[in-house]
Amino acid sequence: MSVSSPTPSLTLARSLPQGVDELIEMGPFELFRSQSETGSTEAKVDAMKRLSVVAFAIGSESTLSTLLPYLATLAMKQPPQEDELLINMAGELQKIVPTLLKGAQALPILPILERLAAVEETVVRDEAVKAINHIAPEIEDGPVLVAMAKRLVGADWFTAKVSAAGILPVLYKVSGDRELVNLMKEVAQDETPMVRRGAAANLGHFMSHMKSGIEGMIPILQQLCRDEQDSVRLLAVATTAQVGNSYTEQPELATKVILPIVRAGSTDLSWRVRNNLAKSFSDVATNLGIGGIEKYEKEQALVMACFVALLQDIEAEVRASAVGHLARMVHWGGADLFESHLQPLLPGLADDIVMEVRSKCALALMDSSEGGTLDDSTILQAFGPLLENFLQDEFSEVQLHVLSNLPKMSRLLEKMNGVVSSILNMAKASNWRVREGVAKLLPHLADARGLDFFSQVLLEPAWLNLLQDPVAFVRNAVVASVGQLVTVTGPAWFSSNIIPRHSNIYDQSPNSYLMRNTIIQSYVEAAIALGDTTESTGSEVWQELMSYILEKGLADKVPNVRMVASMGLSRIMVAAPSHSSYIQGKIKPLLESNMDQETDDDCRHFQDLSLSAM
């Protein structure tokens, strides 16, 4: 097992008092211990970052007999070691389980991590909790794990109890010991707010692992949701999204327990509580298990009313968090609840003074149009005018959310004249990302509005202009769309309307090899799209494209253009199984002749790849 380690540094060399001869005789552990016992904090941290490397170097037996006892001494040392050293110790110990130490072999690590889980510094405790949660499933020794949890919960100082709350869900999942339920209740009722915060943050995960007796945890959840500290309430309210199937399978219980919590959280006096609920609202709603069940229509309406309250919150941050779940709530509630509760709010959200709300609303509308929850008439009526406004928004982020997702409703573009007009205007936008988004949409517009519309309205002002855009990403977006355009228009139309114009641009760009590269790349994408066609017109157009690539691309004066053409040929050969006779009779001889004259090694390499693929 190879383990990555930090790059050797001068810190290591300067921290060791031994001479060169002594260092040669020292083993990995002795070297590690020597550096760890220097007076330099930097040197000790540097050594600890190599802990897992040392463990793998000395093997499992020496790790158990020498390395872990030494680490235990460092962890128990008073005053405590530097925080950075302890963080790295916890992180490195995770790397040796289960790759080096398997099963019960990892037991000696637990006392070390238990000590780290009780220190003052939060980041050290968090890393220790992460390490314990990683190692516990490998150990599977219930009594040992429960005993460790008892010691942490029974500690005098709150830090150990906070860490206990973080490991109890995993320990319960591993052991299933009912004593852990009592320990979770104990930390949830602790007098210290920090401990209750830890319990509130992890109670949902704990309950998700309970196969029975979940009713006994309901009073604890309700108590935390009514806590006097809003820092506790905000975590307790959000934890209802983490309970998994605990309530989904019991919707009647969920409506009695969770629904009142959701209603109280959506109107809590603390905006932080409302915001935390908004961040996970769709998950909370899903966990209720009442979605789509006619029996619970009133409860569904109440859930949607709570969501509406968050969407209309006076705090912009709460509105932004809630609108991020708009699409999922549309699908959760269905068309009727959308029309009665959510649709009236959309104009206000789309015109919100905060850009983040408008941006997330734009994305949510696009996602809501998928899945068949809303019919096309509702989408056109509710979303059409809003999309026009989004495309004219002063912030490009809002525009891009619409542009990048419009293919999801490309079937409706035929009926969205205002949206199409806005897209055309954006082809000249100053922001190149907006122009890139327009370029990606052009084949969809051709499909939705027809070839006459494309040739009369889109070809000159949009397609050809964007193909010659000064920004490479925009040109590449047009090139990437060529294959789809060929599929939409058909080879005959493409040959008569697109190829001549592209060829004209190539001929008019003698001083711009980048533009000639772009045209060659467009021919390559079109040829790949037609590579498996057996229809006569498609074969003729494919051959026309190949002649341009061979006669213009491979004969260009600039090696870079010839290399692009050569790379394209290698791709085309793989995608053109139906043109084998033409390839063998026409292309292969020309390519072999060209290779004899080619002076650039890279071009020859890709031409050789093309020949190999024939």
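Structure: see above.
It should be emphasised that the depicted structure is a prediction, and the values quoted were computed from it without experimental measurement.

### What about the environment of asparagine 431?
Working step 1: Position of asparagine 431 relative to the elements: it lies in the loop between helix 25 (417–426) and helix 26 (432–449).
Working step 2: Between the C-alpha atom of asparagine 431 and that of aspartate 600, which follows or precedes it by 169 residues, the distance is 37 Å.
Working step 3: Within the structure, asparagine 431 has its side chain in polar contact with the side chain of serine 396 (distance 3.2 Å).

### Brief notes about the packing of aromatic side chains
Working step 1: By the definition in use, this model includes 10 aromatic pairs.
Working step 2: An angle of 40° between the planes, with centres 4.9 Å apart, marks the rings of tyrosine 172 and phenylalanine 206 as tilted. One end of the pair, tyrosine 172, is in helix 10 (residues 158–175); the other, phenylalanine 206, is in helix 12 (residues 193–208), and 34 residues separate them in sequence. Taken as a pair, tyrosine 172 and phenylalanine 206 share a single burial class, namely buried.
Working step 3: Grouped by ring-pair contacts, the aromatic residues Phe29, Phe32 and Tyr70 constitute a single cluster.
Working step 4: Between the NZ or CZ atom of arginine 449 and the centre of the ring of phenylalanine 453, over which it lies, the distance is 4.8 Å.

### Comments concerning helix 33 (residues 559–574)
Working step 1: Look at helix 33: 23 Å from first C-alpha to last across 16 residues, which is about the 22 Å you get at 1.5 Å a residue.
Working step 2: Those residues of helix 33 lying buried are Val561, Arg562, Val564, Ala565, Ser566, Gly568, Leu569, Ser570, Ile572 and Met573.
Working step 3: Next to the buried residues of helix 33 lie helix 30 (499–507), helix 31 (513–529), helix 32 (536–553), helix 34 (580–597) and helix 35 (601–613).

### A word on the pattern of salt bridges
Working step 1: Per the stated rule, a full pass over the model turns up 24 salt bridges.
Working step 2: Notably, a salt bridge pairs glutamate 525 with arginine 571, separated by 3.1 Å at the nearest N-O pair. Here glutamate 525, found in helix 31, pairs with arginine 571, found in helix 33; they are 46 residues apart in sequence, far enough to count as distant.
Working step 3: Look at the salt bridges and you will find they share partners, linking Asp367, Glu370 and Lys408 into a network.

### Side note on the layout of surface pockets
Unoccupied space between atoms shows up once a probe the size of one water molecule is rolled over them.
Working step 1: As a volume, the largest pocket reaches approximately 250 Å³.
Working step 2: Along its surface, the largest pocket is lined by 13 residues, and Asp126, Val162, Gly198, Ala201 and Asn202 are the ones closest to its centre.
Working step 3: Elements with a minimum of two residues in the lining of the largest pocket: helix 8 (122–139), helix 10 and helix 12.
Working step 4: Among the elements that make up the lining of the largest pocket, the one with the highest residue count is helix 12 (5 residues).

### Considering a negative patch on the surface
Working step 1: A cluster of acidic side chains, namely Glu294, Glu297, Asp336, Glu339 and Asp375, defines a negative patch on the protein surface.
Working step 2: Its location among the elements puts glutamate 294 in the loop between helix 17 (281–287) and helix 18 (297–311).
Working step 3: In this structure glutamate 294 comes out as exposed when scored by relative accessible area, which is 63%.

### Observations concerning the packing of helix 28 (residues 472–489) against helix 31
Working step 1: Two elements in contact, helix 28 and helix 31, have axes separated by 8 Å at closest approach and are oriented at 25°. As the angle between them shows, helix 28 and helix 31 are arranged roughly parallel. As helix 28 runs across helix 31, the sense of the crossing is right-handed. Of the residues in helix 31, those in contact with Arg475, Asn476, Val479, Val482, Gly483 and Val486 of helix 28 are Leu514, Met515, Thr518, Gln521, Ser522, Glu525, Ala526 and Ala529.

### Examining the environment of threonine 41
Working step 1: Along the chain, threonine 41 turns up in helix 4 (residues 41–48).
Working step 2: Its relative accessible area of 37% is what places threonine 41 among the partly exposed residues.
Working step 3: The sequence separation of threonine 41 and glycine 531 amounts to 490 residues, and the corresponding C-alpha distance is 64 Å.

Here is what the cut-offs are and how they apply
Residues numbered from 1 in each chain as written. Predicted model: local features only at pLDDT ≥ 70, side-chain atom pairs only at ≥ 80, totals over all residues. Heavy atoms only, no water. Helix = DSSP H or I, 4+ residues; strand = E, 2+ residues; numbered from the N terminus. Polar contact = N/O pair within 3.5 Å; in protein donor to acceptor, adjacent residues only side chain to side chain. Phe/Tyr/Trp six-rings, centres within 6.5 Å; stacked < 30°, edge-to-face > 60°. Buried < 20%, exposed > 50% of the residue type's maximum accessible area, 1.4 Å probe, protein only. Lys NZ or Arg CZ within 6 Å of the ring centre and 35° of its normal. Expected span 1.5 Å × (residues − 1). Contact = heavy atoms within 4.5 Å. Salt bridge = Lys/Arg side-chain N within 4 Å of Asp/Glu carboxyl O. 1 Å grid on protein atoms, 1.4 Å probe; cavity = no way out; pocket = protein on both sides within 12 Å on 5 of 7 lines; lining within 4 Å. Points joined across faces, edges and corners; volume = space filled by probe spheres on them. Patch = residues over 30% accessible without salt bridge, like charges linked within 9 Å, V, L, I, M, F, W, Y side chains within 5 Å. Areas by Shrake-Rupley, 256 points an atom, 1.4 Å probe, with all protein chains shown as cover. Lys, Arg positive; Asp, Glu negative; His and termini not counted. Charge placed at Lys NZ, Arg CZ, Asp CG, Glu CD. Axes fitted to C-alpha atoms, helices over the stretch in contact; angles between N-to-C directions. Parallel < 35°, antiparallel > 145°, perpendicular 65-115°, else oblique. Left-handed = near helix turned anticlockwise from the far one by under 90°.

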